[in-house]
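Here's the letter readout for the chains.
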Amino acid sequence: MTINPDSITSSSDDNNNNNNLRRRRGSGGGGGGGDKSVDDVTELDSSSVDALSSSDDLTSDVRDGSGNRGLDKVSEAVSTTVGKISDGDGVQEEQRKANETTPLKYVYRASAPAHRRNKESPLSSAAIFKQSHAGLLNLCIVVLIAVNSRLIIENLMKYGLLIGSGFWSSSTSVRDWPLLMCCLSLPIFPLAAFLVEKMAQKKYMTEHVVVTLHIVITTASILYPVLVILRCDSAFLSGVTLMMFACIVWMKLVSYAHTNYDMRQLAKSVDEGENSEINYSYNVCFKSLAYFMVAPTLCYQVGSVDLSEVLSYPRSTSIRKGWLARQLIKLLIFTGLMGFIIEQYINPIVRSSQHPFEGNLLYAIERVLKLSVPILYVWLCMFYSLFHLWLNILAEVLRFGDREFYKDWWNAKTIDEYWRLWNMPVHKWMVRHIYFPCLRNGIPKGVAMVISFFISAVFHELCIAVPCRLFKFWAFLGIMFQIPLVILTNFLQNKFKNSNVGNMTFWCLFCIVGQPMCVLLYYHDVMNRNGSSS
C-alpha cells in the first residue's frame, strides 16, 4: 500500500513515515511485539482521520508544525490508521479501540495560523451557487407545511367542510354518458388513418388523396367531441377531460400522418438514387400505431420491420410493481388534495368576487392576489400529478423508456425558456411538426414562433371554452399574449444579465397574475351567461 505523504506532512518526513509504517506492520497489528507507547499514539478514530484528510486548515496546521516530535507522531498515526482502513482486517475493532486514544493535543496548536486565504461567505453572490442549499429547502418545506396547516385548520373552524357539487360538477353529470361514449369511440379515427396509410403503402391511392383523407380524419377527430359537448348539458370537468383526450388524439394523428408522409418521401428519394447510402425500409404496422396511441408521447416512430414487437422507442427492462403501487398512491393523494383546495378555497373566493373588468380596480387586484396562492398550489399539484406521476405510471406499464416529460422549468429565466421546458411531449411535437417544417419552407423564425403559439392558443381555447360553452377567447388571448412576454423577458434577461430577474418576472406574470385572472374571467362570464339564459 502507498499513501501520499504530501497530503499530511512535508516531503522531509517521507522516510520517517515509511519506517514507522513498516515498524507498525511488523508488530503484528497490535499483537505482542510492538512498542505499546507508539501504538497508543498511532491509534486514531475514523472521525480524526476524516478531519485530517478533508480540512485544508487542519492539514496546513500539521505542515506548519515541522520539527515538533508530537506532529511527527500524528503523521505516523494517520499513516498507520489509513493503512488499517485500506487493509480492511479488523477495521471495526480498531476503530472502537481508537475512540479512547485520540491525541487531540497534537492536532491543532495555538500557534498555528487560522486564516490563510481569501474566502467568501456561503450566501454571498460569488459563492451562493457553489454549495448545496438542501437544508434551507427543507426549512422552507417545513415552514410551508406548518403555515398552510394552520390556515387549513383555521378555515375549517370558521367555515366548516365546503366540499360539494358546484362549478366542477352538477346535477346533470349523471347524463354525461354521451361524452363517455364519444371518448370510447375516438379509436375509430386512428383505425381510419391506419387504413389510409396501408392503402398508400400499396400505392392504391395518389399522394394528394392520402393527404386529403388525413386532413378529413384529423379534422373530424376534433370536431366530433366539440359537437357532442355543445349538444349535451354536461359537467365542466367531464367536458375538459374529453377535450383533452380529443386534442391528444388529434396531435397523435397529425404526427402519424406527417411521419409516414416523410417516410414515403425518403423512400422515393432512395428509389431515385438519392441518399442511396441510407438503409431504409417503409412499413405500416398496426402494432406500431396501437402502441403509439397509448404511449406517453405525441411523436410517432416506426418499429422494426423484421420484429413483431414494437422496438422503435427506448424500452425499460421490466415493470417495477412496488414502485408502480407507490406512484398510484401518490396520484390518489395529490388528486384529492387538488379537489380539496378547489372546493374549500378557490370556489368560495371566486363566488364572492366581482368581474375583474367591472367594478373597483383595487378590489379586483385584491381578489386576484387572494386567488393566486391556492391556484398556484393547484397548478403545482396538477403538474406533479400529470407530468410526473401519471405519465411515469403509463410509461412504466408500457415499459416506455424515455421519461423526460419535463425539464427544470422552475428555473426558466424567460417565458420562451419556460415553454421549452414545461411540457416536453408537446414541445417535441411542436418542434418536429410545426416549427422546423415552417423553417424548411422558408418561413422566418419569428413567424414560425407565432404560428406555434397560435396553434397552442387555439387548442387551449378549445379545452376551456367548449366545456364552458362560452367563446370569449380569454384563453386564446392569454396564450397569444405570451409572444410580447417572450420579447419582454428576453430583453430583461439580456439587459440585467441576471437569471433571478427573468425568473421572478416569469413567476409574477404567469402564476401570480395570469392564472387567477383567467379563472375569474371565465367564471363570471359563465355565471353571467347562465343568469341571462335563466
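Conventions we followed
Residues numbered from 1 in each chain as written. Predicted model: local features only at pLDDT ≥ 70, side-chain atom pairs only at ≥ 80, totals over all residues. Heavy atoms only, no water. Axes fitted to C-alpha atoms, helices over the stretch in contact; angles between N-to-C directions. Helix = DSSP H or I, 4+ residues; strand = E, 2+ residues; numbered from the N terminus. Parallel < 35°, antiparallel > 145°, perpendicular 65-115°, else oblique. Contact = heavy atoms within 4.5 Å. Nonpolar A, V, L, I, M, F, W, Y, C, P; charged D, E, K, R; others polar. pLDDT = per-residue confidence, 0-100. Salt bridge = Lys/Arg side-chain N within 4 Å of Asp/Glu carboxyl O. Buried < 20%, exposed > 50% of the residue type's maximum accessible area, 1.4 Å probe, protein only. Expected span 1.5 Å × (residues − 1). UniProt positions renumbered as here; feature names shortened; annotations may be inferred. Left-handed = near helix turned anticlockwise from the far one by under 90°. Core = buried A, V, L, I, M, F, W, Y, C linked by side-chain atoms within 4.5 Å.

Let's shift gears to the packing of helix α10 (residues 207-231) against helix α17 (residues 445-468). Here α10 crosses α17 at 25 degrees, and the two axes come no closer than 9 Å. In terms of their interaxial angle, α10 and α17 are classed as roughly parallel. On α17, the residues touching Ile222, Val226, Ile229 and Leu230 of α10 are Phe459, Leu462, Val466 and Pro467. For the contact of α10 with α17, the residue count by class is eight nonpolar, no polar and no charged.

Quick look at the confidence of the model for the chain now. Per-chain confidence: the chain averages 75 in pLDDT, with 71% of residues scoring 70 or above. In this model, residues 1-89 is a region of pLDDT below 50 whose contacts with residues beyond four sequence positions or in other chains number 107 contacts. Confidence drops under pLDDT 50 across residues 166-172; counting only partners more than four residues distant or on other chains, this segment forms 18 contacts.

Further remarks concern the pattern of salt bridges. Here the structure, examined in full by the defined rule, presents nine salt bridges. Across the salt bridge formed by Glu154 and Arg150, the nearest N and O atoms sit 2.7 Å from each other. Here Glu154 and its partner Arg150 are both found in helix α7 (residues 134-159), four residues apart, which amounts to about one turn of the helix. When its relative accessible area of 42% is taken as the criterion, Glu154 is described as partly exposed. Of the charged contacts, one joins Lys428 and Asp402 as a salt bridge, the two residues approaching to 3.3 Å between their closest N and O atoms. Placement of the pair is Lys428 in helix α16 (residues 424-440) and Asp402 in the loop between α14 (361-398) and α15 (415-421), with a sequence separation of 26 residues. Shared partners join several salt bridges into a network, and the residues in it are Glu197, Glu207 and Arg264.

With that settled, consider α7. Compared with an ideal rise of 1.5 Å per residue, which puts 26 residues at 38 Å, α7 spans 37 Å between its outermost C-alpha atoms and is within 8% of the ideal. After α7 finishes, the residue Gly160 shows a positive phi value of roughly 80 degrees.

What follows is about the UniProt feature "active site" (unreviewed entry) in the chain. According to UniProt, the positions carrying the feature "active site" (unreviewed entry) are His460. Of note, His460 is situated in helix α17. In this structure His460 touches Ala475 and Ile479, once residues within four positions along its chain are discounted.

Structurally, Leu488 is set in helix α19 (residues 482-496). Of the residues examined, Leu488 reaches a relative accessible area of 37% and is grouped as partly exposed. Note: C-alpha distance between Leu488 and Ile415 (73 residues apart in sequence) is 8.8 Å.

With respect to the helices and strands, Glu461 occurs in helix α17. Along the primary structure Glu461 and Trp474 are separated by 13 residues, whereas in three dimensions their C-alpha atoms are 7.5 Å apart. If near-sequence neighbours (up to four positions away) are discounted, Glu461 is found in contact with Val466, Leu470, Phe471, Lys472, Phe473, Trp474, Ala475, Phe476 and Tyr522.

So, on to the packing of α7 against helix α13 (residues 321-351). Orientation of α7 relative to α13, taken along the N-to-C sense of each, is 55 degrees, at an axis distance of 11 Å. The angle between α7 and α13 falls in the class oblique. At the point where α7 passes α13, the crossing takes the left-handed sense. For the pair formed by α7 and α13, the contact residues are Leu151, Ile152, Asn155 and Leu156 on the first element and Phe340, Gln344 and Tyr345 on the second. Looking at the contact of α7 with α13, its residues break down into five nonpolar, two polar and no charged.

Attention shifts here to the nonpolar core. By size, the foremost hydrophobic cluster in this structure holds 70 residues, and its most contacted members are Met243, Tyr418 and Trp429. Looking at which element gives the most residues to this core, the answer is helix α11 (residues 236-271), with 10 residues. If near-sequence neighbours (up to four positions away) are discounted, Trp429 is found in contact with Trp250, Met251, Val254, Ser255, Leu298, Cys299 and Ile434. Core analysis: the next-biggest nonpolar cluster, separate from the first, contains 15 residues, Ile342, Ile346, Ile375 and Cys381 among them.

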